[in-house]
Amino acid sequence: MRIKVIAAVLPLLAAACASVVPGVPVLGNVADVQELAGEWSGEYWSLDTGRSGSILFRLAAGADSAVGDVLMIPMGQRHDHPDGIHPATEYLPISFVSVANGRVRGVLEPYRDPACGCLINTSFDGERHGNIIEGSFSSRHAETRSVQEGRWRVTRTATAGP
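Residues numbered from 1 in each chain as written. Predicted model: local features only at pLDDT ≥ 70, side-chain atom pairs only at ≥ 80, totals over all residues. Heavy atoms only, no water.

Asks: Can you walk me through the overall build of the protein chain in this structure?
Replies: Each helix and strand counted, the protein chain has two helices and ten strands in total. Taken from the N to the C terminus, the helices and strands of the protein chain come in the order α-β-α-β-β-β-β-β-β-β-β-β. Residues classed as buried in the protein chain amount to 31% of the 162 residues present. Counted over contacts in the protein chain with a minimum sequence separation of 6, partners at least 24 positions apart contribute 45%. Only carbon and sulfur atoms are counted for the fraction: they give 59% of the accessible area of the protein chain, which is about 9700 Å². (Helix = DSSP H or I, 4+ residues; strand = E, 2+ residues; numbered from the N terminus. Buried < 20%, exposed > 50% of the residue type's maximum accessible area, 1.4 Å probe, protein only. Contact = heavy atoms within 4.5 Å. Areas by Shrake-Rupley, 256 points an atom, 1.4 Å probe, with all protein chains shown as cover.)

This is the structure in C-alpha cells:
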C-alpha cells in the first residue's frame, strides 16, 4: 500500500517542483509580452570572435517569464560533432528580456570567455517582424572593457496555446 501511495505522489511532487523553477523574466506591457508567446529557435554568430551557436527561447501564453538559453560553440568547433554536443560548448543562460513595440532587448548571465578566461557581459537587441526576431549583440570583457559584436536571428517554431 505504501508503494502505491508513493508512486501516486511522486508525479505530483515533480510537477510542483518544476513549476517553482524560475524562468527568464520578460518585462513589458501584457500585449507586447504576449507577442513573444511560443517557441523560438535560431542562431548567433560573431565575425569578431569566430564563435557561433544556437538560441532557444520559450514563452507560454499568459506568462511573464520564459525558458531560454544560448549554446556557445567556440571558434573552430563544429555544430555536428560525432558525439553530439562538443565538450567545449557551453550553455549561457539568459538573465532577462524586455519587449516594447516589437523591440526585444536582454542580457545573458555573465560567463567566462573560453579563450581567455575573462568575465564577459553580453547584451542583445533585436526587432520582431512577425515570426522572426533579428538583431545584434555586444559582449564586453569585464577586465579589459574591450567589446566584441555579432548578430543573431530566431524564428518562431511553434505558437503557445492559451
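Asks: What am I meant to see in the state of the cysteines here?
Replies: In a disulfide, the sulfur atoms of two cysteines are held together by a covalent bond. One pass over the structure, following the stated rule, counts one disulfide. The disulfide bridge from Cys116 ends at Cys118, spanning 2.4 Å between sulfur atoms. Given the relative accessible area of 41%, Cys116 is considered partly exposed. The exposure class of Cys118 is buried, given its relative accessible area of 16%. (Disulfide = S-S within 2.5 Å.)

Asks: I tried to follow the packing of aromatic side chains on my own but got confused; where do I start?
Replies: Any pair of aromatic rings gets described here by the distance separating the centres and the angle formed by the planes. Enumeration over the complete set of coordinates arrives at two aromatic pairs. Residues Tyr44 and Phe137 carry aromatic rings whose centres are separated by 5.7 Å and whose planes lie at 85 degrees to one another, so their mutual orientation is edge-to-face. Of the two residues, Tyr44 is situated in strand 2 (residues 38-45) and Phe137 in strand 9 (residues 132-141); the sequence distance between them amounts to 93 residues. The buried category is assigned to Tyr44, whose relative accessible area is 8%. For the ring pair Phe124 and Trp152, a centre distance of 5.7 Å and an interplane angle of 80 degrees mean the geometry is edge-to-face. Residue Phe124 is found in strand 8 (residues 119-129), and its partner Trp152 is found in strand 10 (residues 147-158); the two are separated by 28 residues along the sequence. Taking relative accessible area as the criterion, Phe124 reaches 12% and is therefore assigned buried. Overall, the relative accessible area of 7% leaves Trp152 in the buried class. (Phe/Tyr/Trp six-rings, centres within 6.5 Å; stacked < 30°, edge-to-face > 60°.)

Asks: Sorry if this is basic, but what is going on with the confidence of the model for the protein chain here?
Replies: Parts of the prediction with low pLDDT should not have their coordinates interpreted in detail. When pLDDT is averaged along the protein chain, the result is 76; 74% of the residues meet or exceed 70. Confidence, expressed as mean pLDDT per element, reaches its minimum in the protein chain at helix 1 (residues 2-20) with 30 and its maximum at strand 9 with 96. For residues 1-21, every residue scores under 50 in pLDDT, and the model assigns this stretch zero contacts once sequence neighbours within four places are set aside. Counting contacts from residues 77-87, a segment whose pLDDT is below 50, to residues more than four positions away or on other chains yields eight contacts. (pLDDT = per-residue confidence, 0-100.)

Asks: Looking at this structure, how should I read the environment of Pro93?
Replies: Mapped onto the elements, Pro93 comes out in strand 5 (residues 90-100). By relative accessible area, which is 41% here, Pro93 ends up partly exposed. The spatial distance from the C-alpha of Pro93 to the C-alpha of Val67 is 9.1 Å, given a sequence separation of 26 residues.

Asks: For this particular structure, what's the right way to read the environment of Glu149?
Replies: Along the polypeptide, Glu149 turns up in strand 10. According to the relative accessible area criterion, Glu149 is partly exposed, its value standing at 49%. Glu149 sits 101 residues away from Asp48 along the chain, and the two C-alpha atoms are 6.3 Å apart. Once you skip the residues sitting within four places of it in the chain, Glu149 turns out to touch Ser46, Leu47, Asp48, Phe137 and Ser138.

Asks: Whenever I open this one, the pairing of strand 9 confuses me. Can you help?
Replies: Two faces, one strand: in a regular strand the side chains alternate between the faces of the sheet. With ten bridges connecting them, strand 8 and strand 9 associate as antiparallel partners. Across the sheet, His129 pairs through a bridge with Ile132, a residue of strand 9. Here strand 9 runs beside strand 10; their pairing, made up of nine bridges, is antiparallel. Paired with Glu134 across the two strands is Arg153, which belongs to strand 10. In textbook terms, the turn of a hairpin is the stretch between consecutive antiparallel strands, and for strand 9 and strand 10 this stretch comprises five residues, one of which, Arg145, has a positive phi near 70 degrees. (Pairing = 2+ DSSP bridges.)

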